[in-house]
Amino acid sequence: RTWMLFFGGPIAHISFFREKFVEERKWLDEDSFVDLIALCQSLPGPSSSQTCFSLGVLQRGWLGALSISSGIFTARSLNGRMVDALSASSSKYHL
């Protein structure tokens, strides 16, 4: 369910993380989340990927980081590639 909603870039992802992991699941409080976002924005790479990975580390260690990252970003990428493939195969014009 989650990975299908991830359109809109890092800002949309971070908003989703706040709603899911601060408000619903209470993995961390608002101040800790804001501090985590500030840290992740200073690291190289997309801040949403850094935040996702960091949330996993904080909650369940390295296994949690790999699990949450693959569950959110890998599944979304595969879904996008599948849609692209279906679109291309049904297209009248093959580029």
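A quick note: this is a predicted structure, and the numbers were derived from the prediction, not measured. (Residues numbered from 1 in each chain as written. Predicted model: local features only at pLDDT ≥ 70, side-chain atom pairs only at ≥ 80, totals over all residues. Heavy atoms only, no water.)

Caption draft 1: Broad picture of the side chain of Ser48. Within the secondary structure, Ser48 is located in helix α3 (residues 47-90). Classification of Ser48 as buried rests on a relative accessible area of 1%. Separated by 3.0 Å, the side chains of Ser48 and His13 make a polar contact. (Helix = DSSP H or I, 4+ residues; strand = E, 2+ residues; numbered from the N terminus. Buried < 20%, exposed > 50% of the residue type's maximum accessible area, 1.4 Å probe, protein only. Polar contact = N/O pair within 3.5 Å; in protein donor to acceptor, adjacent residues only side chain to side chain.)

Caption draft 2: Structural view of the packing of aromatic side chains. Tallied over the entire structure, the rule returns four aromatic pairs. Between Phe53 and Trp62 the ring centres are 5.6 Å apart and the planes differ by 50°, which places this aromatic pair in the tilted class. Judged by relative accessible area, Phe53 falls into the partly exposed class, the value being 27%. Three or more aromatic residues joined by ring pairs form one cluster here, namely Phe16, Phe17, Phe21 and Trp27. (Phe/Tyr/Trp six-rings, centres within 6.5 Å; stacked < 30°, edge-to-face > 60°.)

Caption draft 3: Highlighting the pattern of salt bridges. Counting across every chain of the model gives three salt bridges. Of the charged contacts, one joins Glu24 and Lys20 as a salt bridge, the two residues approaching to 3.3 Å between their closest N and O atoms. Of the two residues, Glu24 and Lys20 both sit in helix α1 (residues 9-24), four residues apart, roughly one turn of that helix. Judged by its relative accessible area of 10%, Lys20 falls in the buried class. The structure contains a network of salt bridges with shared partners spanning Arg18, Glu23 and Glu30. (Salt bridge = Lys/Arg side-chain N within 4 Å of Asp/Glu carboxyl O.)

Just distances and angles here, no functional claims.
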